[in-house]
Amino acid sequence: MERVVEILKEILEIPSPTGYTREVMEHIAKVLNEAGIKTYYTNKGALIAGNHPEPELVVAAHVDTLGAMVRGILPDGHLTFTRIGGLLLPTFEGEYCTIITRSGKKFRGTLLLRNPSVHVNKEAGKKERKEENMYIRLDAEVEKKEDTEKLGIRPGDFIAFDPKFEYVNGFVKAHFLDDKASVAVLIDLMLDLGSEALEKLPVAFFFSPYEEVGHGGSAGYPPSIKELLVVDMGVVGEGTAGKETAVSIAAKDSTGPYDYEMTTKLIEIAEKRNIPHVVDVFLYYGSDGSAALRAGWDLRVALTGQGVHASHGMERTHVKGMLATKELIRAYIEERFGV
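Residues numbered from 1 in each chain as written. Predicted model: local features only at pLDDT ≥ 70, side-chain atom pairs only at ≥ 80, totals over all residues. Heavy atoms only, no water.

Draft legend 1. Expanded view of the pairing of strand β9 (residues 158–161). Of the two faces of β9, the one lined by Phe158 and Ala160 and the one lined by Ile159 and Phe161 are each fully buried. In the sheet, strand β4 (residues 67–73) pairs with β9 via two bridges, with the strands oriented antiparallel. Bridging across to β9, Ala68 finds its partner in Ile159. In the sheet, strand β6 (residues 96–100) pairs with β9 via four bridges, with the strands oriented antiparallel. (Buried < 20%, exposed > 50% of the residue type's maximum accessible area, 1.4 Å probe, protein only. Helix = DSSP H or I, 4+ residues; strand = E, 2+ residues; numbered from the N terminus. Pairing = 2+ DSSP bridges.)

Next up, the structure:
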């Protein structure tokens, strides 16, 4: 596997539903610190990496993923849940998950339709897949609510779904490529650049913990920031130009157009350097850049990222798209600062 795919596999295996990201942040910090790249946390829990004291350009990706939280305990001891982010329930039906208690205990389970057996429920295939009709079957010998409570499970415990990583013919298949594929790209790029180059380049890298719920990029940037380059998934599907083997450059999403000069520069660089790319518009999409602008930050914002198919479900991208994304970001940094 390419190093970027190895990095991706490692971080996919660390659960990080929105609100439970400390473990994956610590892993990222350790990898970067061992390479001589400095990191620090914002008060809100974002991780900032880079060696320049006054970065003008911040490149951002989010480490938080979709997930769920225990909402309650059913009379038979199994669990109701509430989604964290836009989890596509029909795709996640039947998926294995880990329930993480506040004391650190972990239990396994499966997301299922209530009364799921077709041998007793003739309507099982017709029932709408929504929170009220589904539950978490707990892999523990429980028969009543009190049994589950004795295990230490309670409302508010996080539920992390297995990523189901697979790498085949250059394709990466997994849950949560949005946005861990971009996180892997940024880590790989920083390791390529090295600590000495990052001392000279006024660039920092921002890893957001709350993007999936809309406010991850709203605070915490270095005060010297002038530009924010958000690296998030490029949409692949009907009505889009996106390709898994290319990098998408977003001209607009549901929150409005991105910065004209930055976006144009990204397009010009991709064309000049023959980087596989598309320019696209995302109708049902917002990013950490959108959150930063709504919060009142006076900065220019652009959005790019590798094409990802079947977003918020069983996602897929390609190593070519990830490498194209890394190449475009690196080229933008080089041209922005005359390297």
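After that view of the structure, there is still more to cover.
Draft legend 2. Just the UniProt feature "binding site: Zn(2+) 2" (unreviewed entry) in the chain, in detail. Mapped onto this structure's residue numbering, the UniProt feature "binding site: Zn(2+) 2" (unreviewed entry) falls at Asp178, Glu212 and His309. On the secondary structure map, Asp178 appears in helix α5 (residues 177–200). Taking relative accessible area as the criterion, Asp178 reaches 7% and is therefore assigned buried. Contacts of Asp178, omitting those with residues within four sequence positions, involve His62, Asp64, Glu212, Asp232, Met233, His312 and Glu315. In this structure the side chain of Asp178 is engaged in a polar contact, spanning 3.1 Å, whose partner is the side chain of His62. Its place among the elements puts His309 in strand β18 (residues 300–309). (UniProt positions renumbered as here; feature names shortened; annotations may be inferred. Contact = heavy atoms within 4.5 Å. Polar contact = N/O pair within 3.5 Å; in protein donor to acceptor, adjacent residues only side chain to side chain.)

Draft legend 3. Examining the packing of aromatic side chains more closely. In this structure the tally under the stated criterion is six aromatic pairs. Between Tyr20 and Phe158, the ring centres sit 5.6 Å apart and the planes meet at 40°, which makes this aromatic pair tilted. With Tyr20 in the loop between α1 (3–12) and α2 (22–34) and Phe158 in strand β9, this residue pair connects regions lying 138 residues apart in the sequence. Ring pairing ties together the aromatic residues Phe92, Phe161 and Phe176, which thus form one cluster. If you follow Arg22 out to its NZ or CZ, it ends over the ring of Tyr41, 4.3 Å from the centre. In this structure, Arg316 packs its charged tip against the face of Phe171, placed 3.9 Å from the ring centre. (Phe/Tyr/Trp six-rings, centres within 6.5 Å; stacked < 30°, edge-to-face > 60°. Lys NZ or Arg CZ within 6 Å of the ring centre and 35° of its normal.)

Draft legend 4. Fine view of the packing of α1 against helix α8 (residues 319–337). Where α1 meets α8, the axes come as close as 10 Å, and the angle between the chain directions of the two elements is 105°. The pairing of α1 with α8 is recorded here as roughly perpendicular in orientation. Side by side, α1 and α8 meet where Val4, Val5 and Leu8 of the first sit next to Val319, Met322 and Leu323 of the second. For the contact of α1 with α8, the class distribution of residues is six nonpolar, no polar and no charged. (Axes fitted to C-alpha atoms, helices over the stretch in contact; angles between N-to-C directions. Parallel < 35°, antiparallel > 145°, perpendicular 65-115°, else oblique. Nonpolar A, V, L, I, M, F, W, Y, C, P; charged D, E, K, R; others polar.)

Draft legend 5. Representation of the UniProt feature "active site" (unreviewed entry) in the chain in the model. According to UniProt, the positions carrying the feature "active site" (unreviewed entry) are Glu211. Structurally, Glu211 can be placed in the loop between β12 (203–208) and β13 (227–231). Non-local contacts of Glu211, meaning those with residues more than four positions away in its chain, are made with His62, Asp64, Gly216, Asp232, Gly286, Ser287 and Asp288. Within polar-contact distance, the side chain of Glu211 engages the side chain of His62 at 3.1 Å.

Draft legend 6. Local environment of the environment of Pro75. Among the secondary structure elements, Pro75 is positioned in the loop between β4 and β5 (79–84). Distance from Pro75 to Glu143, taken between C-alpha atoms, is 7.9 Å for residues 68 residues apart in sequence. Setting aside residues up to four positions removed in sequence, Pro75 forms contacts with Glu143, Lys144 and Lys145.

Draft legend 7. Highlighting the domain arrangement of the chain. Under the domain assignment used here, the chain contains domain 1 (3–65 + 176–337) and domain 2 (67–161). The straight-line distance from the C-alpha centre of domain 1 to that of domain 2 is 32 Å. Of the residues lining the interface, 13 residues belong to domain 1; the matching set on domain 2 comes to 15 residues. Taken together, the two surfaces of domain 1 and domain 2 that pack against each other cover about 1,000 Å², and 69% of this comes from carbon and sulfur. When residues of domain 1 are sorted by the area they lose upon contact with domain 2, Tyr20, Phe176 and His312 head the list and together hold 42% of the total. Across the contact surface, domain 1 and domain 2 share zero salt bridges. The interface formed by domain 1 and domain 2 holds two residue pairs in polar contact (both at pLDDT 80 or more) in total. (Domains from an automatic or database assignment. Buried area = accessible area lost by both parts, 1.4 Å probe. Salt bridge = Lys/Arg side-chain N within 4 Å of Asp/Glu carboxyl O.)

Draft legend 8. Up close: the environment of Thr264. Residue placement: Thr264 occurs in helix α6 (residues 260–272). Owing to a relative accessible area of 25%, Thr264 belongs among the partly exposed residues under this scheme.

Draft legend 9. Fine view of the packing of α5 against α8. The geometry of α5 relative to α8 is characterised by a closest axis approach of 10 Å and an angle of 50° between their N-to-C directions. Judged on the interaxial angle alone, α8 and α5 are oblique. Note that α5 runs across α8; the crossing there is right-handed. Contact with α5, carried on its side by Ala181, Ala184, Val185, Leu186, Asp188, Leu189, Asp192 and Leu193, involves Met322, Thr325, Lys326, Ile329, Arg330 and Ile333 of α8 and no other residues of that element. A class-by-class count of the residues in the contact of α5 with α8 yields nine nonpolar, one polar and four charged. (Left-handed = near helix turned anticlockwise from the far one by under 90°.)

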